[in-house]
Structures are given as C-alpha cells and as structure tokens.
Amino acid sequence: MGNLYKDLASIYEAMYQTFINYPEEYAFYSNLLKKCGKNEVLEIGSGTGHLAQYFLDNNFDYLGLDYSEEMIEIAKQKVLNGQFLQGDMRDFTLESHVESIIITGRTISYLLKNEEVNNTFLAIYKNLKPKGIVCFDFIDANQFIPTIAQGKNITHQASFNKKHYFRDSHWSLDLESGLNVKWDSTYYERVGEDKVELGIDNSTIRTFTINELEVY
C-alpha cells in the first residue's frame, strides 16, 4: 500500500471528491444489490467513506473495511452514522456474516501475489451468508497495458474547499511477477502562482485479464 493511503490520506480525501463519480458508482452497486435482494453490504476498500454515506442515506445495512488506519479515521469523522473497521482483505473475520461484499476503487489491484488473491476470495467466502454475492472492479490488462507499454505521464487536477490540487503521475510496466504497473506520483497544491509539493507516492498495482479472474 502506497503513501497515498497513509501520510497523504487527507489529500486523497480532497482530490478523490471529484476524481470519481460517486453517485454513478453508488447507483451501479445499489442496483445490483437490489436486483439480488440484498440489503447488507460490506465495502472492502472503503477509504475515507465516499460511498458510505450514499448507502446509509438509502437505508442499506452498511459496513466499511479498509487497511489504512488513517483512511478509517477520516471516514469515522466524516460519516458519523457509519461503521468502519480497519482490516486486511486477505484475512478478516466479521462478527456476523453479510449478504453481499463489494471491493471498490480497484482495490483488488493491490494484491500482487497469486496467493494474496486466493486468500482474499477465501476470506470473502468465509464471511458471506449462504447465497451471498460478491462484486468488484479491476484494471483490465487488455485495455490498460498497451496504453502504457512505453511509459505514460498524466496530470490530474481537482478542487475542493477552495483549494486547488494537482497530481503528476508516471506509469511504467513492471513485468517481473505479472502484468504489474509502477505508479509514481507527486502531489501539489496551487498557492497563488506557485505549485507547492505536498508529497510523493510510489506504488505497484496489478492488472488482470477476465480469464485470469475466472480461474481464481
């Protein structure tokens, strides 16, 4: 897990307000859960609680789980009626089983080893009720890898609470243990005419093919 989810957790909270369309993401998951008749949901990778409030406002029995203590603390302060646990998706045990589990925010991409993927699905299975469902998103290797085969630089911008943020990222391939990507980012805040550096994050993330996930 990179520094983004530790020392830079407050920057994540600010920038990701606009990076992801959370109403749209909530609509996707909630429609799926309603279609399957599920009202209980555990969100793995709940972060600072961006999705949590949507579920709670619509009367879902919601629980969030995240590896980062810093992210969980922000979520607890922001979503006062929510329940959040610090835990590891590779090995967790809930007090009671749940009807559904979702893994959001491409969190599965931090499982770099095959054993970690297997352990995560096993932990999910052990914490689901009979006929429970699991849903997750992932980075599609077939689409993503070709776009960064030669390396790629990209800048994201976001504004929140009258502050303006930038993230300069460089993506490059890391094929030592799989279809992995090195993600090196520097975060800035615009102060007047200057860009003030806030911190650096260096992460390795994993992409998957749909056939690979079907095997797991």
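Only a predicted model underlies this, so the values are computations on that prediction, with no experimental measurement involved. (Residues numbered from 1 in each chain as written. Predicted model: local features only at pLDDT ≥ 70, side-chain atom pairs only at ≥ 80, totals over all residues. Heavy atoms only, no water.)

K.L.:
How would you summarise helix 1 (residues 9-19) if you had to cite specific residues and measurements?
P.N.:
Among the residues of helix 1, A9, I11, Y12, E13, A14, M15 and Y16 are the ones counted as buried. Packing partners of the buried residues in helix 1 comprise helix 2 (22-35), helix 4 (69-78), strand 6 (152-160), strand 7 (163-174), strand 8 (180-191) and strand 9 (194-206). (Buried < 20%, exposed > 50% of the residue type's maximum accessible area, 1.4 Å probe, protein only. Helix = DSSP H or I, 4+ residues; strand = E, 2+ residues; numbered from the N terminus. Contact = heavy atoms within 4.5 Å.)

K.L.:
Which residues make up the environment of L128, and what are the values?
P.N.:
For L128, the location among the structural elements is in strand 5 (residues 128-136). Judged by its relative accessible area of 13%, L128 falls in the buried class. Sequence-wise, L128 and V41 are 87 residues apart; in three dimensions their C-alpha atoms are separated by 9.9 Å. Excluding residues within four positions of it along the chain, L128 makes contact with H97, V98, E99, S100, I101 and I133.

K.L.:
Explain the pattern of salt bridges residue by residue, including any values.
P.N.:
Tallied over the full model, the rule gives 6 salt bridges. For the salt bridge of K129 with E40, the shortest nitrogen-to-oxygen distance reads 3.2 Å. Of this pair, K129 sits in strand 5 while E40 sits in strand 1 (residues 40-44), and the two are 89 residues apart along the sequence. Judged by relative accessible area, which is 17%, E40 ranks as buried. Two residues, D137 and R106, come together in a salt bridge whose shortest N-O distance is 2.8 Å. Remark: R106 occurs in the loop between strand 4 (98-103) and helix 5 (114-127) and D137 occurs in the loop between strand 5 and helix 6 (141-147); sequence separation between them is 31 residues. By relative accessible area, D137 is classed as buried at 15%. (Salt bridge = Lys/Arg side-chain N within 4 Å of Asp/Glu carboxyl O.)

K.L.:
For helix 2, give the residues involved together with the corresponding values.
P.N.:
Across its 14 residues, helix 2 extends 20 Å between first and last C-alpha, which sits within 8% of the 20 Å expected from 1.5 Å per residue. Next to the buried residues of helix 2 lie helix 1, strand 1, helix 3 (52-57), strand 4 and strand 5. Regarding helix 2, its N-cap is N21, as a side-chain oxygen of that residue lies 3.0 Å from the backbone nitrogen of E24 further along. Among the residues trailing helix 2, G37 stands out with phi positive, at a value near 70°. (Expected span 1.5 Å × (residues − 1). Polar contact = N/O pair within 3.5 Å; in protein donor to acceptor, adjacent residues only side chain to side chain.)

K.L.:
A description of the side chain of E25 should follow, citing residues and the corresponding values.
P.N.:
If you trace the backbone, E25 turns up in helix 2. Despite being buried, E25 has no salt bridge partner; R106 is the closest side chain of opposite charge, sitting 4.4 Å away. Excluding its chain neighbours within four sequence positions, the residues that come into contact with E25 are I20, L51, T104, G105, R106 and D137. (Lys, Arg positive; Asp, Glu negative; His and termini not counted.)

K.L.:
Describe the packing of aromatic side chains, listing the residues and the values that go with them.
P.N.:
Scanning the entire structure with this criterion turns up 9 aromatic pairs. Measuring from ring centre to ring centre gives 6.4 Å for Y26 and F60, while their planes differ by 85°; the resulting arrangement is edge-to-face. Of this pair, Y26 sits in helix 2 while F60 sits in the loop between helix 3 and strand 2 (61-66), placing them 34 residues apart in sequence. Assessed through its relative accessible area of 9%, Y26 is described here as buried. With 5.3 Å between their ring centres and 85° between their planes, F55 and F60 make a pair best called edge-to-face. This pair shows no difference in class: F55 is buried, exactly as F60 is. Aromatic rings pair up to connect Y26, Y54, F55, F60, Y62 and F84 into one cluster. (Phe/Tyr/Trp six-rings, centres within 6.5 Å; stacked < 30°, edge-to-face > 60°.)

K.L.:
So what's going on with the sheet that holds strand 2? Residues and values would help.
P.N.:
Working definition: the strands of a sheet are paired by backbone hydrogen bonds and lie parallel or antiparallel to each other. A sheet is described by the order of its strands in space; here 5 strands give the open sequence 3-2-1-4-5, paired in parallel fashion. Every other strand in the sheet has two partners, leaving strand 3 (84-86) and strand 5 as the edge strands with one partner each. Averaged over all pairs of adjacent strands, the angle between their axes in this sheet comes to 20°, without regard to strand direction. By the bridge criterion, 5 bridges tie strand 1 to strand 2 in an arrangement that is parallel. (Pairing = 2+ DSSP bridges. Axes fitted to C-alpha atoms, helices over the stretch in contact; angles between N-to-C directions.)

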